[in-house]
Amino acid sequence: MQPDAHKRALIAGSIGNFIEWYEFAVYGFLATVIAKNFFQLEGEAGLTSLILTYASFAIAFFFRPLGAVVFGRIGDRIGRKPTLIIVLVLMTLATAAIGLVPVYASIGIAAPLIITLLRILQGLFAGGEYGGAVSLMTEFAPRGKRGLYGAWQSFTVALGLLAGAGIVALLSALLTPAALHDWGWRIPFFLALPMGVVALWLRVSMEETPSFVQQQEKPVAAQADTVATVKAIVMGIGRVMVWSAAGYTYLVIMPTYLQSALHTGFNQALLIAVISNIGFALTIIPSGILSDRIGRRTVMIIATVLLLLLALPLLKILQAESSTLAVKAVVVLIAGGLVGMLAGPGPAMLSEMFPTRVRYTGLGLAYSLSNAIFSGCAGLIITGLIKETGNLDIPAYYVMATAVVSIVALLTLRKDDHLRSLEE
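Notes on the structure in this doc start here. (Residues numbered from 1 in each chain as written. Predicted model: local features only at pLDDT ≥ 70, side-chain atom pairs only at ≥ 80, totals over all residues. Heavy atoms only, no water.)

**As for the overall build of the protein**
Next up, step 1: Looking only at helices and strands, one finds 19 helices and zero strands in the protein.
Next up, step 2: Against the globule reference of 22 Å for 424 residues, the protein gives a C-alpha radius of gyration of 21 Å, in line with a compact fold.
Next up, step 3: Overall, the protein is about 65 × 45 × 35 Å in size when its C-alpha atoms are taken along their principal axes.
Next up, step 4: Counting only residues that meet the buried cut, the protein has 60% of its 424 residues in that class.
Next up, step 5: Sequence-distant contacts in the protein: of pairs separated by 6 or more residues, those separated by 24 or more amount to 86%.
Next up, step 6: Within the structure as shown, the protein displays about 15800 Å² of accessible surface, and the carbon and sulfur contribution to it stands at 72%.
Next up, step 7: Each charge sign in the protein was given a centre, from 28 positive and 22 negative side chains, and these centres are 5 Å apart. (Helix = DSSP H or I, 4+ residues; strand = E, 2+ residues; numbered from the N terminus. Rg over C-alpha atoms; globule rule 2.2 N^0.38 Å. Buried < 20%, exposed > 50% of the residue type's maximum accessible area, 1.4 Å probe, protein only. Contact = heavy atoms within 4.5 Å. Areas by Shrake-Rupley, 256 points an atom, 1.4 Å probe, with all protein chains shown as cover. Lys, Arg positive; Asp, Glu negative; His and termini not counted. Charge placed at Lys NZ, Arg CZ, Asp CG, Glu CD.)

So, in structure tokens, the structure goes:
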């Protein structure tokens, strides 16, 4: 193995995640613009178009588990490197294609259908990205640094979300609302192409992981225990459920919630979203490092308990008319930071749950199923429940309910998982 193989694997694994989450952030932050361009159907209310936009957002998440299975099986058989290259190329092309779709006013019902189809393809490819990237990083990680290496995956998620928010904020500052609505929204999707070229170059030049190479060199690879793998996947979903729910509630859905439910201006809502993502980014690496020292279990339980206790009080402060922008900024910074405390140790925790021969598939499926149910549906569930009940506290109750389940699941983690070898 080349001396810089560890660092190269870290960068090559990270950049695919960056592009994927940059795009998801752009779609989330432009939800109100996309709703008007593609889902504002004749005779329907504005909130209905927003719900339809979130439905197309959610559908991509439901195809992630299928992508995790398809590409996970390929990655566990032919290797992490070739599979991650395939996934990256397909994801980049699907993202750029969104920028080319004509709006509803031009081609009618075909417009939302094409957008939804492209979102489905993105979901498939994104599902194949996570398991491979985390396998790559943790399998290259030196002993005692899996938390740190896995945390880089989450950190590039934060960078992707911040880049998406930053690009949308920049465009909304530079362009008139009309220009942003007409053509400006397409620019962030086209930017995926040059990013994809850089990522492809990095992935082509990296090595295969030592764990996968050793697995292939064994005379007869032992068959995976399907029942044990399924149990591990279900337990994994329980452990990361609150991470999925709180992550999307605070980091992606919050701007639209602030606009539609609390009538905050677009630019102020976007600024608050950027601040919550900064809070998220700040705690990821430190919590990953801390989990290498005191264990994944301790760090993740502390973060989950804090989310359970603080979700409602933090939302009440956001809702208060007396709250200044500075106060709201502190609130979302704290909320984002708590999600980061889960996202730091989370990838290594999932990786340690599966043997090498099913790691790509197993951890990818656990993560993508959790995201499909608790992230992808977050916008749909929260917006729909607020519409039905008129209760603006729904986002907090949603986070609290998932926190209770995750605390129970996290308590079953072994305290010494971070000390054991990744092999079997």
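Past the structure itself, the notes keep going.
**Section: the side chain of Asp-417**
Next up, step 1: Mapped onto the elements, Asp-417 comes out in the segment after α19 (394-410).
Next up, step 2: Relative accessible area serves as the criterion here: at 10%, Asp-417 is assigned to the buried category.
Next up, step 3: Excluding anything up to four places from it in sequence, Asp-417 contacts Arg-146 and Glu-352.

**Section: the packing of aromatic side chains**
Next up, step 1: Within this structure, the stated rule accounts for seven aromatic pairs.
Next up, step 2: Through a chain of ring-to-ring contacts, the aromatic side chains of Phe-38, Trp-185 and Phe-189 assemble into a single cluster.
Next up, step 3: Sitting above the plane of the Tyr-27 ring, Arg-119 keeps its charged end 4.0 Å from the centroid. (Phe/Tyr/Trp six-rings, centres within 6.5 Å; stacked < 30°, edge-to-face > 60°. Lys NZ or Arg CZ within 6 Å of the ring centre and 35° of its normal.)

**Comments concerning the pattern of salt bridges**
Next up, step 1: Taken as a whole, this structure holds 13 salt bridges when the rule is applied.
Next up, step 2: We note a salt bridge from Arg-64 to Glu-20, for which the minimum N-O separation is 2.7 Å. Taken together, the positions of Arg-64 in helix α3 (residues 46-78) and Glu-20 in helix α1 (residues 5-29) put the pair 44 residues apart, joining distant regions of the chain. This pair shows no difference in class: Arg-64 is buried, exactly as Glu-20 is.
Next up, step 3: Between Arg-80 and Asp-76 there is a salt bridge, with the nearest N and O atoms lying 2.9 Å from each other.
Next up, step 4: Relative accessible area serves as the criterion here: at 0%, Arg-80 is assigned to the buried category. (Salt bridge = Lys/Arg side-chain N within 4 Å of Asp/Glu carboxyl O.)

**Some words on helix α6 (residues 110-140)**
Next up, step 1: Taking 1.5 Å per residue, 31 residues should reach 45 Å; α6 reaches 45 Å between its end C-alpha atoms and fits that length.
Next up, step 2: The buried count for α6 comes to 26 of 31 residues, which makes it a mostly enclosed element. (Expected span 1.5 Å × (residues − 1).)

**Let's talk about the nonpolar core**
Next up, step 1: With 115 residues, the main nonpolar core has Phe-24, Phe-38, Tyr-248, Tyr-250, Phe-280 and Leu-350 as its most contacted residues.
Next up, step 2: With 17 residues, the top contributor of residues to this core is helix α12 (residues 226-260).
Next up, step 3: Residues within four places of Tyr-248 in sequence aside, it is in contact with Trp-21, Phe-24, Phe-57, Phe-61, Ile-253, Ser-375 and Ala-378.
Next up, step 4: With 13 residues, the next largest nonpolar core counts Ala-12, Leu-88, Phe-140 and Met-206 among its residues. (Core = buried A, V, L, I, M, F, W, Y, C linked by side-chain atoms within 4.5 Å.)

**With respect to the packing of helix α7 (residues 146-174) against helix α13 (residues 266-294)**
Next up, step 1: Contact pair α7 / α13: the axes reach a minimum separation of 8 Å and the direction vectors enclose 170 degrees. With respect to α13, the axis of α7 lies roughly antiparallel.
Next up, step 2: Classifying every residue of the contact of α7 with α13 gives 20 nonpolar, seven polar and two charged. (Axes fitted to C-alpha atoms, helices over the stretch in contact; angles between N-to-C directions. Parallel < 35°, antiparallel > 145°, perpendicular 65-115°, else oblique. Nonpolar A, V, L, I, M, F, W, Y, C, P; charged D, E, K, R; others polar.)

**Focus: helix α14 (residues 296-319)**
Next up, step 1: For α14, which comprises 24 residues, the first-to-last C-alpha distance of 34 Å matches the rise-based estimate of 34 Å (1.5 Å per residue) to within 8%.
Next up, step 2: Where α14 bends most, the angle comes to about 45 degrees, and this point is Leu-310, followed within four residues by the proline Pro-313.
Next up, step 3: Within the span of α14, buried status applies to Arg-296, Arg-297, Val-299, Met-300, Ile-301, Ala-303, Thr-304, Leu-307, Ala-311, Leu-314, Leu-315 and Leu-318. (Bend = angle between axes of the 7 residues up to and from the residue.)

**A word on a nonpolar patch on the surface**
Next up, step 1: A cluster of nonpolar side chains, namely Leu-66, Val-70, Ile-74 and Ile-78, defines an oily patch on the protein surface of about 310 Å² accessible area.
Next up, step 2: Here Ile-74 is to be found in helix α3. (Patch = residues over 30% accessible without salt bridge, like charges linked within 9 Å, V, L, I, M, F, W, Y side chains within 5 Å.)

**Quick look at the environment of Ala-68**
Next up, step 1: Of note, Ala-68 is situated in helix α3.
Next up, step 2: Between the alpha carbons of Ala-68 and Ser-375 there is a distance of 16 Å; along the sequence they are 307 residues apart.

**Focus: the side chain of Thr-138**
Next up, step 1: With respect to the helices and strands, Thr-138 occurs in helix α6.
Next up, step 2: Owing to a relative accessible area of 1%, Thr-138 belongs among the buried residues under this scheme.
Next up, step 3: Within the local environment of Thr-138, its side chain forms a polar contact with the side chain of Ser-351, the two groups lying 2.8 Å apart.
Next up, step 4: With residues near it in sequence (within four places) discarded, Thr-138 still touches Arg-146, Gly-150, Ala-348, Ser-351 and Leu-422. (Polar contact = N/O pair within 3.5 Å; in protein donor to acceptor, adjacent residues only side chain to side chain.)

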